[in-house]
Amino acid sequence: MREEFLVFGSPRIEEDEIDEVVSCLRSGWIGTGPRVAAFERLFAKYKGAEHAVAVNSCTAALHLSILAADIGPGDEVITTPMTFCASVNAIIHAGATPVLADVDPLTMNIDPARIAEKITSKTKAILPVHFAGRCCDMDPICALAQKHNLTIIEDCAHAIETEYKGRKAGCFGDFGCFSFYVTKNIITGEGGLIVAKYPKHAARLKVLALHGMSSDAWKRFGDEGYKHYLVTEAGFKYNMMDLQAALGLKQMAKVEAYWKRRAEIWQHYLTALNDLPVTLPAPVEPLTRHGYHLFTLLVDKERTGVSRDEFLGRMTQAKIGVGVHYLSVPEHPYYQERFGWNPDDYPHARDIGRQTVSLPMSAKLRDQDVEDVIRAVRQSLA
Ligand SMILES: *Cc1c(COP(=O)(O)O)cnc(C)c1O
């Protein structure tokens with residue numbers, strides 16, 4: 001057995017990131033400033049997007065996008081039960097009502113046919129989540145949005161590198177929301193970003209992200225003379241710091257190299273675990289690019305003799321950190337009480353949530369770590 005515990009989702013951080021953070025500290029400007037602006041430009045260029053607004057989390061990005069779309073009380077937003085709670089909480093914080101549409105059991109992404117069934121006169125937006133980095137089936141989702149005049153807000157927390165038929169995830173609708181949380185493909189510690197299609201949305205997002213102060217406020221302590229700001233609405237404290245952007249700038253330079261490394265690990269897991277009685281991720285769809293954020297196994301006690309939770313315990317004992325992405329949203333008591341949601345009404349998400357295990361997939365993993373994970377999986381199922 002390995003000596004050291006393999007922490008799940010531990011990010012790869014190299015000397016140049018450390019140096020950039022130190023330069024930022026020495027520069028005397030650690031709040032929102034030139035590094036954030038440079039990070040926004042770099043990210044927009046990578047996505048081929050017009051506008052990028054950096055914030056302090058993907059949760060903030062989702063919340064502000066819903067507000068900037070003028071969605072609020074009385075409005076419904078359709079999303080997936082197979083996501084992190086933040087996707088749903090952001091809808092609630094905007095004052096709107098979340099509505100769930102079950103996933104496709106193979107792709108684990110929201111099923112466009114189930115979305116169609118949930119559209120009412122109150123529906124204002126679809127919030128698809130590109131689960132594990134696999135792109136949702138965007139053609140039918142965009143067709144539904146067009147037909148019913150709905151905004152699309154993409155949760156791209158897993159999907160920085162994801163593409164679908166030559167188009168990049170985050171650029172299908174009006175808003176694409178990204179996360180740079182410590183376990184994500186590119187990290188800034190805490191951090192998020194919105195790519196926006198329209199300049200009016202980008203401008204509103206900037207104001208909302210900094211107390212609702214007019215845009216000059218971002219520069220009010222600069223060397224161009226004191227700038228008065230005017231508060232135009234009750235905004236939030238969601239801005240990204242230069243200290244965070246320092247990490248992000250250096251990480252973005254490695255986004256493709258890290259993606260290649262995760263693609264390699266993914267292929268290796270697929271081959272090495274192929275003979276086991278577990279369900280491996282579905283093949284990547286033609287004409288798409290997977291972000292390779294999560295590698296999930298489904299552990300079904302009927303087939304393996306081991307329950308998912310027993311498997312999690314055995315992996316941890318073998319010093320391999322594992323994750324669960326996710327118990328389906330309707331499993332949580334808050335949503336059951338508030339919306340009357342029942343996991344049995346979303347059976348595909350329910351089953352995935354009760355069987356799924358995520359294996360380590362960070363670009364930081366060494367070949368030996370990957371071998372250790374494979375050995376631990378085999379032993380835990382024996
Ligand atoms: C991580 C995650 C979020 C939240 O991102 P933060 O940057 O931590 O706020 C939202 N949605 C999904 C699908 C995520 O995995």
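1. Regarding the site of the ligand
Contacts to the ligand come from 16 residues, most closely from Thr 59, Asp 155, His 158, Ser 179 and Lys 184. Between Ser 179 and the ligand, the recorded distance is 2.7 Å, taken from a side-chain N or O atom to an oxygen atom. If the ligand stood free it would expose 380 Å²; the protein chains cover 94% of that surface. Those elements giving two or more residues to the shell around the ligand turn out to be α3 (58-68) and α4 (85-93). Class assignment of the residues belonging to the shell around the ligand gives a composition of seven nonpolar, seven polar and two charged.

2. Details of the domain arrangement of the chain
Here the chain is partitioned into domain 1 (15-103 + 110-252) and domain 2 (255-380). Once you take the C-alpha centre of each, domain 1 and domain 2 turn out to be 26 Å apart. Domain 1 puts 35 residues into the contact, and the matching count from domain 2 is 35 residues. Of the roughly 2,900 Å² buried between domain 1 and domain 2, counting both surfaces, carbon and sulfur atoms make up 61%. Interface area lost by domain 1 to domain 2 is led by Met 82, Arg 134 and Glu 161, which between them contribute 21%. In this structure, the connection of domain 1 to domain 2 is made through two salt bridges.

3. So, the pairing of strand β1 (residues 51-55)
Across the five residues that make up β1, a large majority, five, are buried. Note: β1 against strand β9 (residues 192-196), five bridges, orientation antiparallel. If you follow Ala 54 over to β9, its bridge partner there is Leu 193.

4. Structural notes on the side chain of Glu 161
Along the chain, the position of Glu 161 falls in the loop between β5 (151-155) and β6 (163-164). Accessibility expressed as a relative area gives 1% for Glu 161, which makes it buried. Glu 161 has contacts with Tyr 46, Asn 185, Val 255, Glu 256, Trp 259, Arg 262, Arg 289 and Gly 291, leaving out every residue within four places of it along the chain.

About the criteria used
Residues numbered from 1 in each chain as written. Predicted model: local features only at pLDDT ≥ 70, side-chain atom pairs only at ≥ 80, totals over all residues. Heavy atoms only, no water. Near = heavy atom within 4 Å. Polar contact = N/O pair within 3.5 Å; in protein donor to acceptor, adjacent residues only side chain to side chain. Areas by Shrake-Rupley, 256 points an atom, 1.4 Å probe, with all protein chains shown as cover. Helix = DSSP H or I, 4+ residues; strand = E, 2+ residues; numbered from the N terminus. Nonpolar A, V, L, I, M, F, W, Y, C, P; charged D, E, K, R; others polar. Domains from an automatic or database assignment. Contact = heavy atoms within 4.5 Å. Buried area = accessible area lost by both parts, 1.4 Å probe. Salt bridge = Lys/Arg side-chain N within 4 Å of Asp/Glu carboxyl O. Buried < 20%, exposed > 50% of the residue type's maximum accessible area, 1.4 Å probe, protein only. Pairing = 2+ DSSP bridges.

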